[in-house]
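Secondary and tertiary structure notes
Residues per chain, in single letters:
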Amino acid sequence: MKKLLYIFLVFFSGVLFAQKNTHVTFAVYNNAIGTATMFDLYKNSIEKMTVFKTKTSLPTHLKKFEYLADNGLIETRFKKNAGYPDSLSLETLNEQNNLPKDRSVFIEGYQFNDTTTLVYNEMISNIEIIDTNGQKNIHISTIRN
């Protein structure tokens, strides 16, 4: 009975870690991913923010990010000569954590299979290496406590 309860608890804790956080709205600038709250820090430098509320309303150049648009997607444009955040690729993050470059990365429960995807450093609040089905993956949280 204890083994069954233990298996049940382990299974559901894994399911909870894999849940998508639909409260996070992703934003795209210069083909890199950030979050809407992260870009709040750059209000004075932003020229335009376009909000796409559904996956079907995404323009062609943003279709590759439709898996992130559960809660809409924001496209950001900075003013000319304005400073913007630094970015890095997910494959670089994998290498820094001694994982294969092509290993999927999870951000707020969303699985990023294309590790050449760029993300902004400022959106990363916490990084954990979690064993999922016998494979170690990076799990990134963007929410600051």
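This text goes with the structure placed above it.
Below or above, wherever it landed, is the structure these notes cover. (Residues numbered from 1 in each chain as written. Predicted model: local features only at pLDDT ≥ 70, side-chain atom pairs only at ≥ 80, totals over all residues. Heavy atoms only, no water.)

1. Quick word on the nonpolar core
Selection rule: Nonpolar core, defined: a set of buried Ala, Val, Leu, Ile, Met, Phe, Trp, Tyr and Cys residues in which side-chain atoms within 4.5 Å join the residues together. Each residue gets one of three labels from its accessible area relative to the maximum for its type: buried under 20%, exposed over 50%, partly exposed in between, using a 1.4 Å probe on protein chains only. Starting at the N terminus, helices and strands are each numbered in turn, a helix being any DSSP run of H or I of at least four residues and a strand any DSSP run of E of at least two. We call two residues contacting when some pair of their heavy atoms lies within 4.5 Å.
Residues Phe26, Ile33, Phe39, Leu68, Leu73, Ile107 and Val119 are the most contacted members of the largest nonpolar core, which totals 35 residues. Of all the elements, strand 1 (residues 26-29) adds the most residues to this core, at four residues. Apart from residues no more than four positions distant in its own chain, Leu73 is found in contact with Phe26, Ala27, Val28, Thr50, Val51, Phe52, Leu58, Leu62, Phe65 and Leu68.

2. Comments concerning the sheet that holds strand 10 (residues 135-141)
Put simply, the test is: DSSP-based pairing: two strands are paired if at least 2 bridges between them are found. Helix axes are fitted only over the stretch in contact, all axes being lines through C-alpha atoms; the angle between N-to-C directions runs from 0 to 180 degrees.
Pairing is mixed across the open sheet formed by four strands, whose spatial order is 7-6-10-9. Edge positions in the sheet fall to strand 7 (110-112) and strand 9 (126-132), since each has one partner strand and no second. Averaged over all pairs of adjacent strands, the angle between their axes in this sheet comes to 30°, without regard to strand direction.

3. Observations regarding the environment of Asn137
Put simply, the test is: N or O atoms within 3.5 Å of each other form a polar contact, as long as, within protein, one can give a hydrogen and the other can take it, and as long as residues adjacent in sequence are counted only when both atoms are side-chain atoms.
Following the sequence through the fold, Asn137 ends up in strand 10. For Asn137, a relative accessible area of 4% translates into the label buried. Counting along the chain gives 34 residues from Asn137 to Arg103, while the straight-line C-alpha distance between them is 6.8 Å. When near neighbours in sequence (up to four residues on either side) are disregarded, Asn137 contacts Leu99, Arg103, Ser104, Phe106, Glu128, Ile129, Ile130 and Thr132. At 2.9 Å, the side chain of Asn137 and the backbone oxygen of Ser104 are in polar contact.

4. Considerations on unusual backbone geometry
Outside of glycine, negative phi angles account for most residues, and trans bonds account for most peptide bonds. Notably, Asn31 is not glycine yet its phi reads approximately 65°, a positive angle. Along the chain, the position of Asn31 falls in the loop between strand 1 and strand 2 (32-35). One non-glycine residue, Asn98, lies in positive phi territory at about 60°. Position of Asn98 among the secondary structure elements: in the loop between helix 3 (90-96) and strand 6 (105-107).

5. Examining the side chain of Thr35
Looking at the secondary structure, you find Thr35 in strand 2. According to the relative accessible area criterion, Thr35 is buried, its value standing at 3%.

6. Here's the deal with the pattern of salt bridges
Two side chains carrying opposite charge are able to pair once their charged atoms lie near each other. Selection criterion: Here, a salt bridge means any side-chain nitrogen of Lys or Arg that lies within 4 Å of a carboxyl oxygen of Asp or Glu.
Considering all chains together, one arrives at two salt bridges under this definition. In this structure, the salt-bridge partner of Glu47 is Arg77, at a minimum N-O distance of 2.6 Å. Of this pair, Glu47 sits in strand 3 (residues 46-52) while Arg77 sits in strand 4 (residues 73-78), and the two are 30 residues apart along the sequence. According to the relative accessible area criterion, Arg77 is partly exposed, its value standing at 43%.

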